[in-house]
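Report on the structure
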Amino acid sequence: MDLTPQNHRIHLNDGNSIPIIGLGTYSTPKTTAKGACYEAVKIAIDVGYRHFDGALVYGNEDEIGRAIHEKIADGTVTREDLYYCGKLWNTFHPPQLVRSSLEKSLKLLKFDYIDLYLIELPLAFKALEALKDAGLVKSIGVSNFNRRQLELILNKPGLKYKPVVNQIECHPYFTQPKFKEICDSHGIVIVGYSPLGTCRDSLWVNVKIPSLLDDPVLNSIAAKYKKTSAQVALRFQLQRNIIVIPKSFNPERIKQNFEIFDFSLTSEEMKIVSNLNRNERYVELLMWKDHPEYPFNDLY
Ligand code: NDP
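All of the points below concern the structure found in this document. Here the structure is a predicted model, which means the values were calculated and not measured. (Residues numbered from 1 in each chain as written. Predicted model: local features only at pLDDT ≥ 70, side-chain atom pairs only at ≥ 80, totals over all residues. Heavy atoms only, no water.)

**Describing the sheet that holds strand S8 (residues 165-169)**
The criterion, for reference: Strand pairing follows a simple DSSP-based rule, namely that at least 2 bridges must link the two strands. Counting from the N terminus, the helices are the DSSP runs of H or I reaching at least four residues and the strands are the DSSP runs of E reaching at least two.
One open sheet holds the 8 strands; their spatial order is S3-S4-S5-S6-S7-S8-S9-S10, and the pairing between them is parallel. Strand pairing shows two members of the sheet lacking a second neighbour, strand S3 (23-24) and strand S10 (243-244), which therefore form its edges. Where S8 and strand S9 (residues 189-193) come together, 5 bridges link them in parallel fashion. Opposite Ile-168, over in S9, you have Gly-192 as the bridge partner.

**Comments concerning the site of the ligand**
Defined as follows: Throughout this document, a residue counts as near a molecule or strand when at least one of its heavy atoms sits within 4 Å of that molecule or strand. Each polar contact in these results corresponds to two N or O atoms within 3.5 Å; when the atoms are within protein, one needs to be able to donate a hydrogen and the other to accept it, and residues that are neighboring in sequence are counted only if both atoms are side-chain atoms. Residues are sorted three ways: Asp, Glu, Lys and Arg are charged, Ala, Val, Leu, Ile, Met, Phe, Trp, Tyr, Cys and Pro are nonpolar, and all the rest, Gly among them, are polar.
Looking at the ligand, there are 28 residues lining it, with Asp-53, Leu-196, Lys-247, Ser-248 and Arg-253 nearest. Taking Pro-195, its main chain carries an N or O atom lying 3.3 Å from an oxygen atom of the ligand. Note that an oxygen atom of the ligand is positioned 2.7 Å from one of the side-chain N or O atoms of Arg-253. When residues of the shell around the ligand are assigned to their parent elements, the largest contribution, 3 residues, is made by helix H9 (residues 251-258). Per-class residue counts for the shell around the ligand are 12 nonpolar, 12 polar and 4 charged.

**Considering the nonpolar core**
The condition that has to hold: Residue types Ala, Val, Leu, Ile, Met, Phe, Trp, Tyr and Cys, when buried and joined through side-chain atoms within 4.5 Å, form a set referred to as a nonpolar core. In this scheme, a residue with accessible area under 20% of its type's maximum is buried, one over 50% is exposed, and one in between is partly exposed, where area comes from a 1.4 Å probe on protein chains only. Between two residues, a contact is recorded if the distance between any of their heavy atoms is within 4.5 Å.
Val-41, Phe-52 and Ile-114 are the most contacted members of the largest nonpolar core, which totals 94 residues. The contact partners of Ile-114, leaving out residues within four places of it in the chain, are Arg-79, Tyr-84, Gly-86, Leu-102, Leu-106, Leu-109, Leu-136, Val-137 and Lys-138.

**Details of the packing of helix H1 (residues 36-47) against H9**
The axes of two packed helices give the description: the angle between them and the distance between them. Formally: Axes here mean lines fitted to C-alpha atoms, for a helix over just the part in contact, with angles spanning 0 to 180 degrees between N-to-C directions. Handedness of a helix crossing follows the sense of rotation of the near helix relative to the far helix, less than a right angle counterclockwise being left-handed and clockwise being right-handed.
Running from N to C, H1 and H9 point in directions that differ by 35 degrees, and their axes come no closer than 10 Å. Here the hand of the crossing between H1 and H9 comes out right-handed. Where H1 abuts H9, its residues Ala-40, Ile-43, Ala-44 and Val-47 lie against Pro-251, Ile-254, Lys-255 and Phe-258.

**Description of the pairing of strand S7 (residues 137-143)**
Put simply, the test is: Crossovers are marked right-handed if the path from the first strand over the helix to the second runs clockwise, as seen with the strands pointing away from the viewer.
Summarising burial for S7: 6 of the 7 residues are buried, a large majority. One ladder, built from 5 bridges, connects strand S6 (residues 114-119) with S7; its direction is parallel. In the sheet register, Tyr-117 faces S7, and the bridge partner there is Ile-140. Between S7 and its parallel partner S8, the chain crosses via helix H5 (residues 147-154), and the hand of that crossover is right-handed.

**Re helix H6 (residues 177-185)**
The condition is simple: As used here, the arc belongs to the directions running from the helix axis to the C-beta atoms.
Burial in H6 covers these residues: Phe-179, Lys-180, Ile-182 and Cys-183. Buried residues of H6, viewed axially, fall in a sector of 160 degrees; they line one side. When the buried face of H6 is taken as reference, the exposed residues oriented beyond 90 degrees from it are Lys-178, Glu-181 and Ser-185. Taken together, the buried residues of H6 touch H5, S8 and S9. Positive phi appears at Gly-187, one or two residues downstream of H6, with a value of about 70 degrees.

**Re the packing of aromatic side chains**
To keep it simple, the criterion reads: For this analysis, a ring pair means two rings from Phe, Tyr or Trp (six-membered ring only for Trp) whose centres lie within 6.5 Å, classed as stacked if their planes differ by under 30 degrees, edge-to-face if by over 60, and tilted for the remaining angles.
In total, this model carries 9 aromatic pairs according to the counting rule given. Considering the side-chain rings of Tyr-49 and Phe-258, the 4.9 Å spacing of their centres and the 35 degrees angle between planes classify their relative orientation as tilted. With Tyr-49 in the loop between H1 and strand S4 (51-53) and Phe-258 in helix H9, this pair connects stretches of sequence that are 209 residues apart. Given a relative accessible area of 0%, Tyr-49 falls into the buried group.

What follows is the structure, given as structure tokens:
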């Protein structure tokens, strides 16, 4: 696998491909300045990012769309160079609402199509197949599905398109080795969210788990390569063929997080980082714990 800043797409099971690093764009709306996301996306495109991870519910798809259109207009990129992943929110699962939810995103982004559309939390798949047939999305996938929920979809009679990805929490403290094997066996790529260990907002993050980026092992490997713990955490996932979507709205850190193609971890270091796994989630979504389809009662 020869990934470079210019060429770092990997294949999906429906024939499409996806850049292995994307910019995460979730930022607490109350404390995030208007326009911060817009600036971050423009900087990220200049740095070399070609993949953006967003959602209608993040409340900033208009800013992402505006930044992308400006970068297309000034000749930096074309729409085809770029990859956008959107998400269907829980309240839009009834099949008759699915298309209008996507259309809201398309309108905010001012796009004719998006590259990937995920069900943000279980369930609602059939209506997404129709969006792919209509050419409004190139690929469909899921997010926060556990093994049982994923297999429910895969074993569904009449399934037309397999999900291409499952976007789940994944980083050195939560490496998901068994679930990765299962996803691999179905040709489903993992998109690892919170790859740097989240923003540690105690409103939705389990902050009892120590800060990933302060980990001494990650920091000592980082020192060897003159890199940061964040770059080691991201590189580790890249070498496992896991897509990473680090969020940053800070120009230096947006750049830093993309500088992961010029070093590699040895197999011994890969093992050492794998051993940091704690089988604990930062993102537990406890507010939905009583829902019958709450996905995290099982480890995977
Ligand atoms: P990340 O693990 O990407 O961490 C983001 C935090 O780390 C921010 O506070 C950021 O601050 C900081 N940061 C970024 N780069 C560095 C660096 N190099 N060194 C030190 N700190 C750094 O957390 P997220 O939870 O945001 O996950 C990433 C993305 O995944 C989200 O933005 C979203 O797109 C997606 N996601 C999807 C979910 C789902 O249910 N499907 C759930 C959670 C996330 P700053 O901006 O100041 O740099």
